[in-house]
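# Structure assessment
Residues per chain, in single letters:
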Amino acid sequence: MRWLIHPGYLWLEKYDKKKLPPVTTADQFLFDKGNAFEEEARKLFPKGKLVDAKPWEFDRLVALTKQYMEAGAETIFQATAFTDRKLLVKSDVLKSNGDKWDLYEIKSSTSVKDDHLSDLAFQVIAWEEVGVDIDEIYLSYVNKEYKRGKQIEPELLVSKERITNKVRKRAREVREQIPEALAVLDRKECPDLDPKYARDLGKWLPVYMHLHPDLPPEHIYNLAQLKPADIKLLQADGAADLIGLNNLEGFNPRQQSQIKAWQEKPPIKLDKIAEFLDKLEFPLWFLDYETVSHAVPIYPGTRAYQEIPFQYSLHLLESPDAELKHFEYLHKGDDLPVPRLLEKLKQDLGDEGSILVWYQAFEKGRNDDMARLAPEYRDWLKSINKRIVDLMIPFSSGWYIDKNFAGSASIKKVLPAIVPELSYRELDVADGMSAQASWYRAAIEKMQIKEKIFADLIKYCSLDTLAMVEIYRFLVKLVENEISDDSQNHQDQPNQPSLF
């Protein structure tokens, strides 16, 4: 399947894997979610036989599969085929259907995806090349509406969709692609890794950026929301970077804004920022949740992939000149975090003042979810939502644009551009996905290094709210000083010291 992302991806995976991005804590958590869901899905096939051997023991995997088939096994997990032209497949489930077999793929997604069709088409082709007839083809995936009771109910958690016709249709295309992929593996040198040759640009770009860490921020491949059609436009223009791009027609508004930010100083809409700040009411609270979600709901009463808050950071600025105060909570047990988190938050969070967050839909959504899990806090959580103000608005609305935002209003982009002395780079936990993966390892799986993990989580979450405080102060400074000419040139000096 790597070839369907980029030909070079397949070659590197086979011959130079060390160059590819390493598996991160967040990556491993995604794999673990998939494995946990697969375990539940297998329970729907109680008589299944597992083909159990080391991944590289191809001969043994194939022999065990053949042995189970000849012995009349009803269901085989991880059935393996290796064809004469070296096509290797390991299928999640093969279920006997007379003299044929039904093929099941288990995915921890919440719907059928296009790449699932190609994956299954490849499997069908390989099985038929070794003489195994495939009848019906199914995808088993997560029922996102499933709410857990005291115990997991696999028959409710797992959705199943028959996709035989779709896969058979896709197989015609995949048959033509297989020789091209095999030809890539026969090459002595790696194919050109340029993104213009990618078949799945969204999946290839992060790999390409890892392989080229020194690309300047104005490089054309740093254009936000880059699509194959955009690459054609960039090539047609012939510009070496975003600064030299001449024709903006065809790019979306977000991309045009990013390009213009490199070509000229974007106007700052001080009146809009001032109006936004004037509506804030002291004391100011800066709130951020960290959450965990899983394909297999962790707690009774929760849904598949529901985001469950396990931590918050809360900074308090009682008045413009007041000393900054900080409150926090991190749940360290394996029980549902919500009741204790809300108990502590209600103690820490006062009844007056604006509550600033970054991307309000997330925090408000978590408050709504927690109100259902802890109904005794419902009215209080509703009152909190009425006080929430989204600090991202001045940036997502384009009132203040910096070329180093890379067309994004994410706090991970905004912070280093305007408050460079604060950074996530030195943290062992530096993003939300890593945070939930690390917490799960410590609180649920009870890793021995849990105290180190908990300390890292506290540092990360507190930086999120401290970042909001400093960004707020930056906006205040802009308005108060009506920004000097030097300050207007701030975006041209990304390493400029803080203004406060």
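Look up a bit, the structure's there.
A quick note: this is a predicted structure, and the numbers were derived from the prediction, not measured.

Rules used in this analysis
- Residues numbered from 1 in each chain as written.
- Predicted model: local features only at pLDDT ≥ 70, side-chain atom pairs only at ≥ 80, totals over all residues.
- Heavy atoms only, no water.
- Helix = DSSP H or I, 4+ residues; strand = E, 2+ residues; numbered from the N terminus.
- Buried < 20%, exposed > 50% of the residue type's maximum accessible area, 1.4 Å probe, protein only.
- Phe/Tyr/Trp six-rings, centres within 6.5 Å; stacked < 30°, edge-to-face > 60°.
- Lys NZ or Arg CZ within 6 Å of the ring centre and 35° of its normal.
- Axes fitted to C-alpha atoms, helices over the stretch in contact; angles between N-to-C directions.
- Parallel < 35°, antiparallel > 145°, perpendicular 65-115°, else oblique.
- Left-handed = near helix turned anticlockwise from the far one by under 90°.
- Contact = heavy atoms within 4.5 Å.
- Pairing = 2+ DSSP bridges.
- Expected span 1.5 Å × (residues − 1).

In this chain, Phe-282 is followed by Pro-283 through a cis amide linkage whose omega measures -5 degrees. Its identity as a non-glycine residue notwithstanding, Gln-225 has a phi of 55 degrees, on the positive side. Tracing the backbone shows Gln-225 in the loop between helix 7 (201–211) and helix 8 (228–237). For Gln-225, a relative accessible area of 42% puts it in the partly exposed group. Although it is not a glycine, Lys-446 sits at a positive phi angle of roughly 55 degrees. Note on placement: Lys-446 falls in the loop between helix 16 (432–444) and helix 17 (450–481).

What the rule picks out here adds up to 19 aromatic pairs. Taken together, a centroid distance of 6.4 Å and an interplanar angle of 75 degrees make the contact between Phe-45 and Phe-77 edge-to-face. One end of the pair, Phe-45, is in the loop between helix 2 (25–42) and strand 1 (48–50); the other, Phe-77, is in strand 2 (residues 75–82), and 32 residues separate them in sequence. With centroids separated by 5.4 Å and ring planes inclined at 80 degrees, the aromatic side chains of Tyr-400 and Phe-474 adopt a geometry described as edge-to-face. Of the two residues, Tyr-400 is situated in the loop between helix 14 (393–396) and helix 15 (411–418) and Phe-474 in helix 17; the sequence distance between them amounts to 74 residues. Each member of the pair, Tyr-400 together with Phe-474, is buried. Aromatic rings pair up to connect Trp-358, Phe-395, Tyr-400, Phe-405 and Phe-474 into one cluster. Stacked on the ring of Tyr-138, the Lys or Arg Lys-160 has its end atom at 4.7 Å from the ring centre. When the ring centre of Phe-362 is taken as reference, the NZ or CZ atom of Arg-366 above it lies at 4.8 Å.

Now for the packing of helix 16 against helix 17. In the contact formed by helix 16 and helix 17, the axes pass within 9 Å of each other and the chain directions differ by 150 degrees. Judged on the interaxial angle alone, helix 17 and helix 16 are roughly antiparallel. Handedness of the crossing formed by helix 16 with helix 17: left-handed. Taking contact as the criterion, the partners of Gly-432, Ala-435, Ser-438, Trp-439, Arg-441, Ala-442 and Ala-443 in helix 16 are, on helix 17, Lys-450, Ile-453, Phe-454, Leu-457 and Tyr-460.

We now examine the sheet that holds strand 9 (residues 325–330). If you walk across this open sheet you meet the five strands as 9-8-7-10-11, and the pairing is mixed. Of all the strands in the sheet, just strand 9 and strand 11 (388–390) have a single pairing partner and so form its edges. Between one strand and the next, the sheet's axes are offset by a mean angle of 25 degrees, whatever the strand orientation. Relative to strand 8 (residues 308–317), strand 7 (residues 284–292) runs antiparallel, the two being bridged by nine bridges. Paired with Trp-285 across the two strands is Leu-316, which belongs to strand 8. Running over the sheet, helix 11 (residues 338–348) touches strand 7, strand 8 and strand 9 and is turned about 10 degrees from strand 8.

Along the polypeptide, Trp-399 turns up in the loop between helix 14 and helix 15. Separated by 210 residues in the primary sequence, Trp-399 and Glu-189 place their C-alpha atoms 48 Å from one another.

Let us look at helix 17. Taking 1.5 Å as the rise per residue, helix 17 with 32 residues should run 46 Å; its terminal C-alpha atoms sit 46 Å apart, in good agreement. Two residues or fewer past helix 17, Glu-482 is found with a positive phi of approximately 50 degrees.

Attention shifts here to the sheet that holds strand 1. Backbone-to-backbone hydrogen bonds join strands into a sheet, with any given pair of strands oriented parallel or antiparallel. Reading across from one edge, 1-2-3-4-5-6 is the order of the six strands in this open sheet, with mixed pairing throughout. The strands lining the two open edges of the sheet, one partner per strand, are strand 1 and strand 6 (158–162). The sheet shows a mean angle of 40 degrees between the axes of neighbouring strands, direction not considered. Pairing of strand 2 with strand 3 (residues 88–97) involves seven bridges; the strand directions are antiparallel. Along strand 3, the bridge assignment pairs Phe-77 with Val-93.

Keep in mind these numbers describe shape, not what the thing actually does.
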